Amino acid sequence: MTGVMPCQAIRAMIAEGAIATDRPITDTQVQPASLDLRLGRRAWRVRASFLAGAGRPVAARLDRFTMHEIDLSAGAVLEKGCVYVAEIEERLALPPGVSAVANAKSSTGRLDLLTRAITDGGTEFDRIPDGYAGPLYAEICPRSFSVLVRPGMTLNQIRFREGHAVLDDTALRALHAESPLVTGEAVISEGLGFSVDLRPAQGTLAGWRAKPHTGLIDLDRIGHYAPADYWEEVHAEDGQIVLDPGAFYILVSREAVHIPPGYAAEMAPYLAMVGEFRVHYAGFFDPGFGHDAAGGAGARGVLEVRCHEAPFALEHGQVVGRLVYERMAEPPDRLYGAGIASNYQGQGLKLSKHFRAA
């Protein structure tokens, strides 16, 4: 059956050994259309990001690039600006015809914590080829904050698919006509475009900018940290802000997004030459995100934005990203936000779950 594999199919893959691990996979790891991946015990500080390359194992590249090995068992600090590779507890033996794609979890992206999956023989980050059998590793690069990590933490997630399930623009328009995917006019071009909200309904708070010198964030501490210790408020008086080169921002989409139960979506950077910035962490949107039956009434997308070489004036309503929709092989037996502890169903502008309500 062609499409993204739902949670019940992921559980079957676990039972059959296509997804294996020394410690049992927990129910909380299995999302409606993805599996959360756990950090293992070992990590390595490396001097450069790398891909294994065709025919080469990650271990051989670690021999070349490792500066020192780290035991995560008692917790370890991953420092801002450094590059690490960590073992993932789960390993794969994918059946023929099944491929996978990985992505940072929402909370990981909102901490500017660049996390990408690499594999033996891999020539792309986050892409696991049809029938791959072998270990998984996470490349981790904290960009704004140093973080404390431990084995078992979940920084990224993986989605499995059979065949090609991406909706083209014609199919996406038909789906939007049947079940509106976004509030307001749908901008459909190689996916569903979304724009930035710089005219808040109340007040002038349009987002946050990461402070350059902050304390450590323990990723196990939820609702613990004061936003003002790590973030500066960004106010938009006239529907415009100027992005500073090298700075990291949390903003929000103007549109509320809806993912029907038979579909999943992935956030992708807007490909047009829109300026010196990008919404740079792609993310998964599970079936039921913003869906009425799952307790949502549309949910706005939180945007993780980094400005590059030159200051850039970002305007209210400017298109900054797109959602690529895919068909599910079958609807999941539970939807995002329905009986699942979710920090982000029905969200607006919101920092990661580690921070107290602003």
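To be clear, the structure that these remarks concern was listed above.
Computed from a prediction, not measured in an experiment: that's the story for all the values here.

Q: How would you summarise the overall build of the chain if you had to cite specific residues and measurements?
A: Along the chain, the regular secondary structure elements total four helices and 26 strands. Taken over C-alpha atoms, the radius of gyration comes to 20 Å for the chain, in line with the 21 Å a tight globule of 358 residues would show. Relative to its 358 residues, the chain shows a buried fraction of 55%. Within the chain, one finds 35 positive and 43 negative side-chain charges whose respective centroids are separated by 4 Å.

Q: Go over the packing of aromatic side chains, please, and point to the residues and values.
A: Summed over all chains, the structure comprises 10 aromatic pairs. Relative to Trp 231, the ring of Phe 145 has its centre 5.3 Å away and its plane inclined at 70 degrees; by these criteria the two rings are edge-to-face. Here Phe 145, found in the loop between strand S11 (133-142) and strand S12 (147-149), pairs with Trp 231, found in strand S18 (residues 231-235); they are 86 residues apart in sequence, far enough to count as distant. Residue Trp 231 is classed as buried on the basis of its relative accessible area of 3%. When the ring of Phe 285 is compared with that of Phe 289, the centres are 4.8 Å apart and the planes differ by 80 degrees; the resulting orientation is edge-to-face. The buried category is assigned to Phe 285, whose relative accessible area is 7%. Ring pairs connect the aromatic residues Phe 145, Tyr 225, Tyr 230, Trp 231, Phe 248 and Phe 355, which therefore count as one cluster. In this structure, Arg 116 is placed above the aromatic ring of Phe 125, and the distance from its NZ or CZ to the ring centre is 3.6 Å. Of note, Arg 159 hangs over the ring of Phe 284, and the distance from its end group to the ring centre comes to 4.2 Å.

Q: Let's hear about the nonpolar core: which residues, and what values?
A: Residues Phe 160 and Trp 231 are the most contacted members of the largest nonpolar core, which totals 53 residues. Apart from residues no more than four positions distant in its own chain, Phe 160 is found in contact with Gly 3, Val 4, Met 5, Ile 10, Met 13, Ile 19, Leu 35, Leu 92, Leu 94, Val 98, Ser 99 and Ala 100.

Q: Give a description of helix H4 (residues 169-178) that names residues and reports values.
A: Buried within H4 we find Leu 172, Leu 175 and His 176. An end-on view of H4 places all buried positions within 100 degrees of arc, on one side of the element. Those residues of H4 that are exposed and angled more than 90 degrees off the buried face are Thr 170, Ala 177 and Glu 178.

Q: An account of the environment of Asp 22 is needed here, citing residue identities and associated values.
A: In this structure, Asp 22 sits in the loop between strand S2 (19-20) and strand S3 (30-31). The spacing of Asp 22 and Arg 91 is 69 residues in sequence and 9.5 Å in space, taken between C-alpha atoms.

What counts, and where the lines are drawn
- Residues numbered from 1 in each chain as written.
- Predicted model: local features only at pLDDT ≥ 70, side-chain atom pairs only at ≥ 80, totals over all residues.
- Heavy atoms only, no water.
- Helix = DSSP H or I, 4+ residues; strand = E, 2+ residues; numbered from the N terminus.
- Rg over C-alpha atoms; globule rule 2.2 N^0.38 Å.
- Buried < 20%, exposed > 50% of the residue type's maximum accessible area, 1.4 Å probe, protein only.
- Lys, Arg positive; Asp, Glu negative; His and termini not counted.
- Charge placed at Lys NZ, Arg CZ, Asp CG, Glu CD.
- Phe/Tyr/Trp six-rings, centres within 6.5 Å; stacked < 30°, edge-to-face > 60°.
- Lys NZ or Arg CZ within 6 Å of the ring centre and 35° of its normal.
- Core = buried A, V, L, I, M, F, W, Y, C linked by side-chain atoms within 4.5 Å.
- Contact = heavy atoms within 4.5 Å.
- Arc of directions from axis to C-beta.

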